[in-house]
Amino acid sequence: MSEDVRLVAWVRGHVQGVGFRWFTRAKALEIGGLQGFALNLGDGRVQVVAEGARDRCDRLLEWLQNGDTPGRVDGVTEIWDTPRGGYDGFAIR
């Protein structure tokens, strides 16, 4: 079984106003076992925080980087940490 981790990813490109957060939430729910959120930032990026098993977070990160996302992803910066908890499902903020 995979250890639980916290993934924080900042997605750059044309990712606001195209349903990106909604599709990110849908993908997280499809993968299953993830909790966190997707949030539009003032500088045009989307921040994605996901907590769960490492392999599931890896799948979400791979989708963010290379998947069939809405809009256009120019790049993703990520950091890994220990889970903090406190999330109820996967939300759009």
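Residues numbered from 1 in each chain as written. Predicted model: local features only at pLDDT ≥ 70, side-chain atom pairs only at ≥ 80, totals over all residues. Heavy atoms only, no water.

For clarity, the cut-off: UniProt positions are given in the numbering used here, feature names are shortened, and annotations may be inferred rather than shown by experiment.
An unreviewed UniProt entry lists the protein under the name acylphosphatase, with Streptomyces lusitanus as the source organism. Looking at the protein in UniProt, the text filed under Catalytic activity (unreviewed entry) is "an acyl phosphate + H2O = a carboxylate + phosphate + H(+)". Its UniProt record gives the protein the following Sequence similarities (unreviewed entry) comment, quoted word for word: "Belongs to the acylphosphatase family."

Observations regarding the packing of helix H1 (residues 20–31) against helix H2 (residues 54–66)
Stated formally: Note on geometry: axes are lines fitted to C-alpha atoms, helical ones only across the stretch in contact, with angles between N-to-C directions running from 0 to 180 degrees. Helix and strand definitions follow DSSP, with helices as H or I runs of at least four residues and strands as E runs of at least two, each counted in order from the N terminus. Should the near helix be turned counterclockwise from the far one by less than a right angle, the crossing is left-handed, whereas a clockwise turn marks it as right-handed. Whether two residues are in contact is decided by their heavy atoms, any of which lying within 4.5 Å being enough. Gly counts as polar in this scheme, as do all residues outside two lists: the nonpolar Ala, Val, Leu, Ile, Met, Phe, Trp, Tyr, Cys and Pro, and the charged Asp, Glu, Lys and Arg.
Taken N-terminus to C-terminus, the directions of H1 and H2 make an angle of 145 degrees; their axes are 10 Å apart at the nearest point. Classified by chirality, the crossing of H2 by H1 is right-handed. Contacts between H1 and H2 involve Phe20, Phe23, Thr24, Lys27, Ala28 and Ile31 from the former and Arg56, Arg59, Leu60, Trp63 and Leu64 from the latter. Among the residues making up the contact of H1 with H2, the classes are represented as seven nonpolar, one polar and three charged.

Topic: the UniProt feature "domain: Acylphosphatase-like" (unreviewed entry) in the protein
The feature "domain: Acylphosphatase-like" (unreviewed entry), as given by UniProt, occupies residues 6–93 in the numbering adopted here. For the annotated span residues 6–93, helix accounts for 28% and strand for 41% of the residues, and the straight-line distance between the end C-alpha atoms is 18 Å.

Some thoughts on a nonpolar patch on the surface
The condition is simple: Candidate patch residues must exceed 30% relative accessible area and have no salt bridge, after which like charges are joined if within 9 Å and Val, Leu, Ile, Met, Phe, Trp or Tyr side chains if within 5 Å. Using the Shrake-Rupley algorithm and a 1.4 Å probe, accessible areas are obtained, with residue cover drawn only from the displayed protein chains. The working definition used for a salt bridge is a side-chain nitrogen of Lys or Arg within 4 Å of a carboxyl oxygen of Asp or Glu.
On the surface, a nonpolar cluster with roughly 310 Å² of combined accessible area is contributed by Trp22, Phe23 and Ile92. Residue position: phenylalanine 23 is located in helix H1.

Examining the packing of aromatic side chains
Given two aromatic rings, their pairing is described by the distance between the two centres and the angle made by the two planes. Condition: Between 30 and 60 degrees the pair is tilted, below 30 it is stacked and above 60 it is edge-to-face, where a pair is any two Phe, Tyr or Trp rings, Trp via its six-membered ring, whose centres lie within 6.5 Å. With a 1.4 Å probe rolled over the protein chains alone, any residue whose accessible area is under 20% of its type maximum counts as buried; one over 50% counts as exposed, and the rest are partly exposed. Only lysine NZ and arginine CZ atoms are considered, and such an atom sits over a ring when it is within 6 Å of the ring centre and within 35 degrees of the ring normal.
Taken as a whole and assessed by the stated rule, the structure comprises three aromatic pairs. Ring centres of phenylalanine 37 and tyrosine 87 lie 5.8 Å apart, and the angle between their planes is 55 degrees; on these two criteria the pair is classed as tilted. Of the two residues, phenylalanine 37 is situated in strand S2 (residues 35–40) and tyrosine 87 in the loop between strand S4 (72–81) and strand S5 (90–92); the sequence distance between them amounts to 50 residues. Judged by relative accessible area, which is 7%, phenylalanine 37 ranks as buried. The exposure class of tyrosine 87 is buried, given its relative accessible area of 18%. Sitting over the ring of tryptophan 80, arginine 54 keeps its end group 3.8 Å from the ring centre.

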